[in-house]
Amino acid sequence: MDGEHYLDDDGDGLVIREEYFSCGCRRSRHEYHDGSIEMTAVRHDGKVVRDEVGANHGL
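As the structure is a computational prediction, the values presented were derived from the model and not from experiment. (Residues numbered from 1 in each chain as written. Predicted model: local features only at pLDDT ≥ 70, side-chain atom pairs only at ≥ 80, totals over all residues. Heavy atoms only, no water.)

1. Details of the overall build of the protein
Scanning the protein from N- to C-terminus turns up 0 helices and 5 strands. Sorting the 59 residues of the protein into buried and exposed places 20% on the buried side. Of the roughly 4,300 Å² of accessible surface on the protein, a fraction of 47% belongs to carbon and sulfur atoms. (Helix = DSSP H or I, 4+ residues; strand = E, 2+ residues; numbered from the N terminus. Buried < 20%, exposed > 50% of the residue type's maximum accessible area, 1.4 Å probe, protein only. Areas by Shrake-Rupley, 256 points an atom, 1.4 Å probe, with all protein chains shown as cover.)

Dropping the structure here:
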């Protein structure tokens, strides 16, 4: 789907992926140095359809 997609990787374990779709939906995935992962997906109407935090993050 059309939109904007960004990827940032520091080479040491931090990876940030952001996707903004032309329909208004968006998705993000953040992988942190400690191995934890945070994922969020939001529909074009603003409803969060996925909000997950992996091991060790947010504790």
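Moving on from the model shown.
2. Comments concerning the environment of R50
Residue placement: R50 occurs in strand β5 (residues 48-53). For the pair R50 and T40, spaced 10 residues apart in sequence, the C-alpha to C-alpha distance is 5.2 Å. Look past the residues within four positions of R50 in its chain and what remains in contact with it is M39, T40 and A41. (Contact = heavy atoms within 4.5 Å.)

3. Some remarks on a negative patch on the surface
Taken together, the side chains of D8, D9, D10 and D12 define an acidic patch exposed on the protein surface. Considering the arrangement of structural elements, one finds D9 in strand β1 (residues 3-9). (Patch = residues over 30% accessible without salt bridge, like charges linked within 9 Å, V, L, I, M, F, W, Y side chains within 5 Å. Salt bridge = Lys/Arg side-chain N within 4 Å of Asp/Glu carboxyl O. Lys, Arg positive; Asp, Glu negative; His and termini not counted. Charge placed at Lys NZ, Arg CZ, Asp CG, Glu CD.)

4. Regarding the sheet that holds strand β2 (residues 15-21)
Spatial ordering of the open sheet is given by β1-β2-β3-β4-β5, a layout of 5 strands whose pairing is antiparallel. Only two strands of the sheet have a single partner each, and these edge strands are β1 and β5. On average, adjacent strands in this sheet sit at an angle of 5° to one another, irrespective of strand direction. (Pairing = 2+ DSSP bridges. Axes fitted to C-alpha atoms, helices over the stretch in contact; angles between N-to-C directions.)

5. Structural notes on the state of the cysteines
Linking two cysteines covalently via their sulfur atoms produces the bond known as a disulfide. One pass over the structure, following the stated rule, counts 0 disulfides. Its sulfur unpaired, C23 is 3.4 Å from the next cysteine sulfur, which belongs to C25. (Disulfide = S-S within 2.5 Å.)

6. Quick look at the side chain of S28
Residue placement: S28 occurs in strand β3 (residues 26-31). Taking relative accessible area as the criterion, S28 reaches 16% and is therefore assigned buried.

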